[in-house]
Structures are given as structure tokens and as C-alpha cells.
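What follows is the residue order along each chain.
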Amino acid sequence: ITGLPDPQVRRLLVASDGSVWVGTDHGAARWREGNSVEIINDEFGKPLTVTVFALVEDKQKRLWLASDQGLWVREIGRNGMRRVQTESNQNFNLGSDYIQSLLLDRHNQLWVNTDKGLYRLQNWDGRFAQFDDISTLLNHTGKNLGSNLLEDQLGRLWTEDAVIDIERMELR
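Just so we're clear, the structure is a prediction, and the values are computed from it rather than from any experiment.

One side chain can pair with another of opposite charge once the charged atoms of both are near each other. Under the definition given, this model contains 13 salt bridges. Here Arg 83 ties to Asp 97 by a salt bridge, and the two come within 2.8 Å at their closest N and O atoms. Remark: Asp 97 occurs in the loop between β9 (85–86) and β10 (99–104) and Arg 83 occurs in strand β8 (residues 82–83); sequence separation between them is 14 residues. Using a relative accessible area of 27% as the deciding quantity, one classes Arg 83 as partly exposed. Linking Asp 165 and Arg 172 is a salt bridge whose minimum nitrogen-to-oxygen distance equals 3.2 Å. A relative accessible area of 9% places Asp 165 in the buried class. Linked through salt bridges whose partners overlap, the residues forming this network are Asp 165, Arg 168, Glu 170 and Arg 172.

The strands making up a sheet associate through backbone hydrogen bonding, with each pair oriented either parallel or antiparallel. Pairing within the open sheet is antiparallel, and its 4 strands lie in the order β1-β2-β3-β4. In this open sheet, the two strands that pair with only one neighbour each are β1 (9–14) and β4 (37–39). The sheet shows a mean angle of 25° between the axes of neighbouring strands, direction not considered.

Cut-off values and rules
Residues numbered from 1 in each chain as written. Predicted model: local features only at pLDDT ≥ 70, side-chain atom pairs only at ≥ 80, totals over all residues. Heavy atoms only, no water. Salt bridge = Lys/Arg side-chain N within 4 Å of Asp/Glu carboxyl O. Helix = DSSP H or I, 4+ residues; strand = E, 2+ residues; numbered from the N terminus. Buried < 20%, exposed > 50% of the residue type's maximum accessible area, 1.4 Å probe, protein only. Pairing = 2+ DSSP bridges. Axes fitted to C-alpha atoms, helices over the stretch in contact; angles between N-to-C directions.

So this is what it looks like as C-alpha cells:
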């Protein structure tokens, strides 16, 4: 695909509308059948200049983007990607802006894996987000669990370094 923000493609996502989202080392783009490439901007109209590590679309058709500069979201009816902000309460913040991977589980819950731990989106009101610090619940505060994040048929979360039984809140 020509016209991407960078030739180094890191992630691809086929969205529910059939468009292909492309995450690169220097931003993101969207390709639609028969159209040219659209460079993805932030909410202020400036091209994203982040390294994209993961892309997921939830059931509400919001696109979530993990990057070296935080978590971003694009909601239906809004132009551009918005950086996800948290309120000043540190109990609900992400431990790092270096987001390695994302997972949308079978319950449509967004899991965010950073270089400082694993978090679950508790609340998103369109302006602020609150996260559960799963790493602390697992007595693994501030520690990297690996960059991949998958869910198996039993609902356990897998990273390259751990298996997490969510129902029992156990790290294996």
C-alpha cells in the first residue's frame, strides 16, 4: 500500500466496515476498497506520530490504538484519534504510557498491557477512563508481563511470560 506514514507496518486490523487499519512505526492509516490511504490524525487534525503496537475494535465500533505514547481511541462520529486521559486519581491510572498490547475479551472488556503491568478498562465516559490495576491484584505491581496478550477458551489471559486465571486472580 502506498501513502502510509511509514513503510514499517507493525499491525493490521480489518474493521467491521471492511476498511483496513494499518499501524506503523510513525502513525496509522486507513485504507478502503477503491479509495486512497487516509492518514489518521489526532483530534486536533495533526497526523499521529506514534509507534503503533496494537489495534482493536470493540462492539461499539470504537477503534482502540496502543502506542509508545499512550492509549488512543476513535469513536463513531468523531474526527481523529483522542488520547485516552485518566482523572487525577492514581488508583485508576495506567502505570505507563508505553502500551505494548491490547485485548478485547469475550465480554467486550478492554485489557491494556503496558511495560509496567496489566490493566482492565473499568469505565470510559468518552472523556476520562478508569482502569483496574490487575498487576497489583496479582501481587505483580509494576512488572512487565510480556508484550503479547491473548484469551483462551477458558477465559484465561496469556502473555509471553504468564498465564492469568482471571476468575481466581492467579498468576501462573
